[in-house]
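# Analysis of the macromolecular model
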Amino acid sequence: MSHAFNFLGGEELSQIGATWFVSYAYHEFMTFEHMNWKKVKTFPSRIEKFNNSKKYHLYWLFKVCDMDTEKLKTNKIELAPDKTKAMAKELLEKLLLEQING
């Protein structure tokens, strides 16, 4: 088993993968056309974990923005670390604005 991230909800994020989390969130909240998250066969169980961890999502997006680029390279869904971080920042902006505007 991979290591758990050492922050709130880190065990859950480790199970679905930081890059996968950003990819699926991007699909859900930005554009349904983004489908990289579907490149792993375990996506159905990851979706379930994603849905059960909503209380952490904003926090995790902040954490992904600060993650080590080298570690983000290990994903299997063909997303470059810089792209993953850019997507996380876009998601943060959108979701925070939605919260502010109600």
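Computed from a predicted model, the values in this text were never measured in an experiment.

## Regarding the pattern of salt bridges
- One pass over the structure, following the stated rule, counts 3 salt bridges.
- Here E98 makes a salt bridge to K94, at a shortest N to O gap of 3.3 Å. One end of the pair, E98, and the other, K94, are both in helix α6 (residues 81–101), 4 residues apart, so they sit about a helical turn from each other.
- Using a relative accessible area of 30% as the deciding quantity, one classes K94 as partly exposed.

## Overview of the layout of surface pockets
- A volume near 510 Å³ is recorded for the largest pocket.
- F5, G17, A18, K71 and T74 are the residues nearest the centre of the largest pocket, which is lined by 21 residues in total.
- Looking at the lining of the largest pocket, the elements with two or more residues in it are α1 (10–16), α2 (18–29) and α5 (69–72).
- The class makeup of the residues in the lining of the largest pocket is 9 nonpolar, 8 polar and 4 charged.

What counts, and where the lines are drawn
- Residues numbered from 1 in each chain as written.
- Predicted model: local features only at pLDDT ≥ 70, side-chain atom pairs only at ≥ 80, totals over all residues.
- Heavy atoms only, no water.
- Salt bridge = Lys/Arg side-chain N within 4 Å of Asp/Glu carboxyl O.
- Helix = DSSP H or I, 4+ residues; strand = E, 2+ residues; numbered from the N terminus.
- Buried < 20%, exposed > 50% of the residue type's maximum accessible area, 1.4 Å probe, protein only.
- 1 Å grid on protein atoms, 1.4 Å probe; cavity = no way out; pocket = protein on both sides within 12 Å on 5 of 7 lines; lining within 4 Å.
- Points joined across faces, edges and corners; volume = space filled by probe spheres on them.
- Nonpolar A, V, L, I, M, F, W, Y, C, P; charged D, E, K, R; others polar.

All quantities given are derived from atomic positions and should not be read as evidence of function.
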